[in-house]
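Single-letter residue listing:
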Amino acid sequence: MEQFPIGMELFSAADEDQWTIITQTIDTSDYYVLIIGRRYGSMIPEGNVDTGISYTEKEFNYAVSRNIPVLAFILSDGAKKSNFTNETADKIAKLDAFKEKIKTSRYVKFFKNPDELSFLLSQSIHKVLQRKNRPGWIRTTEFNIEESHARIYSLPNEFTRLKP
């Protein structure tokens, strides 16, 4: 769909802390896609801002605070269960509360399997591009490089002229 997905699995080793990389990534994104399954996720450790919530919930909160459109998908309660869960009662309660927060602030789609998620995701991206078209990447064919260079070279003169 001519989009560039960015997920934590694509992050490389870096000298910045995790949250700095995450916020920079969200800031450069046109849309934030949130996929919620059966796990609440890694929680922010004691002694940090936002202690007690998951990194995923913190990301969601940040995207909303930056007015980045959120496309939210939640695994349906009727989806096939797997044995891959080790969530505590506390984390399950936090996950349920997080789902409620997501559902009360936007329209979400529920999915039962990866194929259904794929369909719903492509449908939602197609529709959001029509309703809330964001700037995306600027292609080199969409601007005049000579004009850009001329403007950049004129800035020192303009600065000198405006300097008190």
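Residues numbered from 1 in each chain as written. Predicted model: local features only at pLDDT ≥ 70, side-chain atom pairs only at ≥ 80, totals over all residues. Heavy atoms only, no water.

**Q** Account for the packing of helix H1 (residues 18-27) against helix H2 (residues 55-65), naming residues and giving values.
**A** Where H1 contacts H2, the two axes come as close as 10 Å, and the packing angle between them is 40 degrees. When the axis of H1 is compared with that of H2, the two are oblique. As for how H1 packs across H2, the hand of that crossing is right-handed. On H2, the residues that touch Gln18, Trp19, Ile22, Thr23, Ile26 and Asp27 of H1 are Tyr55, Lys58, Glu59, Tyr62 and Ala63. Considered class by class, the residues forming the contact of H1 with H2 number 6 nonpolar, 2 polar and 3 charged. (Axes fitted to C-alpha atoms, helices over the stretch in contact; angles between N-to-C directions. Helix = DSSP H or I, 4+ residues; strand = E, 2+ residues; numbered from the N terminus. Parallel < 35°, antiparallel > 145°, perpendicular 65-115°, else oblique. Left-handed = near helix turned anticlockwise from the far one by under 90°. Contact = heavy atoms within 4.5 Å. Nonpolar A, V, L, I, M, F, W, Y, C, P; charged D, E, K, R; others polar.)

**Q** Outline the environment of Thr20, supporting the account with residue identities and numerical values.
**A** Here Thr20 lies in helix H1. Placed 40 residues apart in sequence, Thr20 and Phe60 show a C-alpha to C-alpha distance of 15 Å.

**Q** I'd like to hear about the pairing of strand S2 (residues 70-75), residue by residue, with values.
**A** Of all 6 residues in S2, 6 are buried, a share of seventy percent or more. Burial along S2 is two-sided: the face carrying Val70, Ala72 and Ile74 and the face carrying Leu71, Phe73 and Leu75 are both buried. Sheet topology places strand S1 (residues 32-36) next to S2; 5 bridges connect them, and they run parallel. Bridge assignment links Val33 to a residue of S2, and that residue is Leu71. A crossover links S1 with its parallel partner S2, the connecting element being H2, and its sense is right-handed. Taken together, the 3 bridges between S2 and strand S3 (residues 109-111) define a ladder with parallel strand orientation. Bridged to Phe73 within S3 is Lys109. (Buried < 20%, exposed > 50% of the residue type's maximum accessible area, 1.4 Å probe, protein only. Pairing = 2+ DSSP bridges. Right-handed = clockwise from strand over helix to strand, strands pointing away.)

**Q** How would you sum up the nonpolar core? Please name residues and give values.
**A** Grouped together as the largest cluster of nonpolar side chains are 20 residues, with contacts concentrated most on Tyr32, Leu34 and Ile102. Elements supplying a minimum of two residues to this core: H1, S1, H2, S2 and helix H3 (89-105). Residues contacting Leu34, with those up to four places away along its chain left out, are Thr56, Phe60, Val70, Leu71, Ala72, Phe73, Phe98 and Ile102. Core analysis: the next-biggest nonpolar cluster, separate from the first, contains 10 residues, Leu71, Leu75, Ala79 and Phe111 among them. (Core = buried A, V, L, I, M, F, W, Y, C linked by side-chain atoms within 4.5 Å.)

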